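Coordinates in review
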Amino acid sequence: MSETTKGRRDLRVEMMRSQLGRVRGLGSAKSGVHHWWGERVTAIALVPLTLWFILSIYRLAGLDQPALAHWAASPVHTVLLICLVLATFHHMQLGLQVVIEDYVHTEATRFTLLLLVKAISVVLALACLVSVLKLAF
Amino acid sequence: MPDIRDALLVTRNTEGKLVQRPLSPFMLGSAYRFQLTSLLSILHRLTGIAVSVGTLLLTWWLVAAATSPEAYATVSAFMRSWFGLLLLFGWSASLFYHLLNGIRHLAWDGGIGFDLPQVHASGWAVVIGTVVLTVLAWAAGIAVL
C-alpha cells in the first residue's frame, strides 16, 4: 500500500512483522492487566475509605492541633489514614499515567511527565505517611 | 510512516480518499456529535486530575498537623479563607463526581449496566447524585460549624 494524504505525508506501510510481533508492540503501557487490576482494586478500597474520611472531616473541622493529633493517634484512625493515603496515591499515579500515555504523543515529553508524576506521587505519599506515623507515635 | 501503529489510523472517507482518523480527545466536536456519555467520560478524567491536585492540600494538612500547632493553625486559616473554601468546594464536587462515576465504571467492569438506556440512566444518576451530595455535604458543613 503506497498512497499520499493531501500530498503531505507518505503513507507507505510495510507489513514485515508477524501479527504476534505487532500486537506485542501495541498498547501504551506495553504490559498486561496488572495496571488495570491495580486501578480497580484501589478504586474499590477508596469507596469506603473516602466516605469515612469525608464523614471524619465534620468531626475534625474546628479542632486545634493537639485535639487533631489525639484523634489521629487512635490506632483505628492511624490504620485507616494509612490505608487512605496508600490507596489514594497509588490510584492517583495509575490514573494520571493513563492520561499522560493517552494524550502526550511525544516520547521525550511523555517519559519526562511520567517520571515527574511518579516521583511527585511517591514524595507526597511518603510525606503523608511520615506525618500520620509522627502523629501516632 | 515512522510507526507501524499509525497504519491503523489510516482509513478511506466516503469519497474513497485516504485520510487519517482523529485521535481522542480531538474527536469531540469535529468527528462526534455531543453526547452525554462522552462528556461524562472526559469529566471522569478531568475530575480525577482535579482530585489529584487536591491531594496537595491533604498533604499540607497532614504535614502541618505533624509539624506544630502554629503550622496547623496556618493551614486551618487557609482552608477557612474564601480562596481555600472555593478550592475545597471544587475538590469536593470533583471527588463526589469521580466517586459516583467510578462506581459506575466498576459496575461496567462487572458487566452490569451496559445497555444504552441503562448507560444514560446511570449517567444522569451520577450527575444528579453529584449535585445532591455536594449540596448536602456543604449544607451539613454549614449547619455543624
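Quick look at the overall build of chain A
- For chain A, the count of helices and strands is 5 helices and 2 strands.
- Ordered by position in the sequence, the α and β elements of chain A form the string β-β-α-α-α-α-α.
- Expressed as a percentage of the 137 residues in chain A, the buried residues total 39%.
- Pairs at least 24 residues apart make up 63% of the contacts formed inside chain A by residues separated by at least 6 positions.
- A total accessible area of about 8,300 Å² is found for chain A, and carbon and sulfur atoms account for 70% of it.

Description of the packing of aromatic side chains
- By the definition in use, this model includes 8 aromatic pairs over all chains.
- For the ring pair tryptophan 82 of chain B and phenylalanine 83 of chain B, a centre distance of 5.8 Å and an interplane angle of 70 degrees mean the geometry is edge-to-face.

Let's talk about the packing of helix H2 (residues 69-80) of chain B against helix H3 (residues 82-109) of chain B
All names here are of chain B.
- Following both chains from N to C, one finds H2 and H3 inclined at 75 degrees, their axes separated by 4 Å at the closest point. Regarding the angle of H2 to H3, the classification is roughly perpendicular. From H2, Phe78, Met79 and Arg80 reach across to H3, where they touch Trp82, Phe83, Gly84, Leu85, Leu87 and Leu88.
- Split by residue class, the contact of H2 with H3 holds 7 nonpolar, 1 polar and 1 charged.

Structural notes on the nonpolar core
- Core analysis: the biggest nonpolar cluster contains 37 residues, and Phe53, Leu81 and Phe89 of chain A together with Trp61 and Leu62 of chain B have the highest contact counts within it.
- Counting residues per element, the ones that place at least two in this core are helix H2 (34-60), helix H3 (65-72), helix H4 (75-103) and helix H5 (107-136) of chain A together with helix H1 (36-67) and H2 of chain B.
- Once residues within four sequence positions are removed from consideration, tryptophan 61 of chain B is found in contact with Phe53, Leu60 and Leu68 of chain A together with Tyr72, Val75 and Met79 of chain B.

A closer look at H3 of chain B
- A rise of 1.5 Å per residue sets the reference length of H3 of chain B, with its 28 residues, at 40 Å; its end C-alpha atoms lie 40 Å apart and thus fit the reference within 8%.
- For H3 of chain B, the secondary structure elements touched by its buried residues are H2 and H4 of chain A together with H1, H2 and helix H4 (116-144) of chain B.
- Backbone geometry just downstream of H3 of chain B places glycine 111 of chain B in the positive-phi region, at approximately 80 degrees.

Some remarks on the pattern of salt bridges
- Counting across every chain of the model gives 4 salt bridges over all chains.
- Between arginine 45 of chain B and aspartate 102 of chain A there is a salt bridge, and its shortest N-O distance comes to 2.8 Å. Linking arginine 45 of chain B in helix H1 with aspartate 102 of chain A in helix H4, this pair reaches from one chain into another.
- Note on aspartate 102 of chain A: relative accessible area 30%, which makes it partly exposed.
- Connected through salt bridges with shared partners, the residues Glu39 and Arg40 of chain A together with Asp109 of chain B form a single ionic network.

Regarding the side chain of serine 92 of chain B
- Position of serine 92 of chain B relative to the elements: it lies in helix H3.
- Setting aside chain neighbours within four positions, we find serine 92 of chain B in contact with Thr134 and Trp138 of chain B.

Regarding the confidence of the model for chain A
- Residue-level pLDDT values for chain A average 86, and 79% of them are 70 or greater.
- A low-confidence stretch, residues 1-5 of chain A stays under pLDDT 50, and its non-local contacts, those more than four residues away or across chains, total 13 contacts.

Let's talk about H2 of chain A
Residues and elements named next belong to chain A.
- For H2, which comprises 27 residues, the first-to-last C-alpha distance of 37 Å matches the rise-based estimate of 39 Å (1.5 Å per residue) to within 8%.
- By the largest-angle criterion, leucine 46 marks the main kink of H2, which is about 35 degrees, and a proline, proline 48, follows within four residues.
- Just downstream of H2 lies glycine 62, where phi reads positive at about 95 degrees.

Focus: the environment of leucine 80 of chain A
Residue and element names in this part refer to chain A.
- Tracing the chain through its elements places leucine 80 in helix H4.
- Taking the relative accessible area as the measure of exposure, leucine 80 reaches 25% and is therefore partly exposed.
- Through-space distance from the C-alpha of leucine 80 to that of phenylalanine 53 is 8.7 Å; in sequence the pair is 27 residues apart.
- Non-local contacts of leucine 80, meaning those with residues more than four positions away in its chain, are made with Leu49 and Trp52.

Brief notes about the environment of histidine 98 of chain B
- Inspection of the secondary structure assignment puts histidine 98 of chain B in helix H3.
- Taking the C-alpha atoms as reference points, histidine 98 of chain B and threonine 47 of chain B, 51 residues apart in sequence, are found 6.1 Å from one another.
- Not counting chain neighbours up to four residues away, the residues in contact with histidine 98 of chain B comprise His91 of chain A together with His44, Thr47 and Gly48 of chain B.
- A polar contact of 3.3 Å, which involves the side chain of histidine 98 of chain B, links it to the side chain of threonine 47 of chain B.
- Among the polar contacts listed, one links the side chain of histidine 98 of chain B to the backbone nitrogen of glycine 48 of chain B, at a separation of 3.4 Å.

Rules used in this analysis
- Residues numbered from 1 in each chain as written.
- Chains lettered and ligands numbered in written order.
- Predicted model: local features only at pLDDT ≥ 70, side-chain atom pairs only at ≥ 80, totals over all residues.
- Heavy atoms only, no water.
- Helix = DSSP H or I, 4+ residues; strand = E, 2+ residues; numbered from the N terminus.
- Buried < 20%, exposed > 50% of the residue type's maximum accessible area, 1.4 Å probe, protein only.
- Contact = heavy atoms within 4.5 Å.
- Areas by Shrake-Rupley, 256 points an atom, 1.4 Å probe, with all protein chains shown as cover.
- Phe/Tyr/Trp six-rings, centres within 6.5 Å; stacked < 30°, edge-to-face > 60°.
- Axes fitted to C-alpha atoms, helices over the stretch in contact; angles between N-to-C directions.
- Parallel < 35°, antiparallel > 145°, perpendicular 65-115°, else oblique.
- Nonpolar A, V, L, I, M, F, W, Y, C, P; charged D, E, K, R; others polar.
- Core = buried A, V, L, I, M, F, W, Y, C linked by side-chain atoms within 4.5 Å.
- Expected span 1.5 Å × (residues − 1).
- Salt bridge = Lys/Arg side-chain N within 4 Å of Asp/Glu carboxyl O.
- pLDDT = per-residue confidence, 0-100.
- Bend = angle between axes of the 7 residues up to and from the residue.
- Polar contact = N/O pair within 3.5 Å; in protein donor to acceptor, adjacent residues only side chain to side chain.

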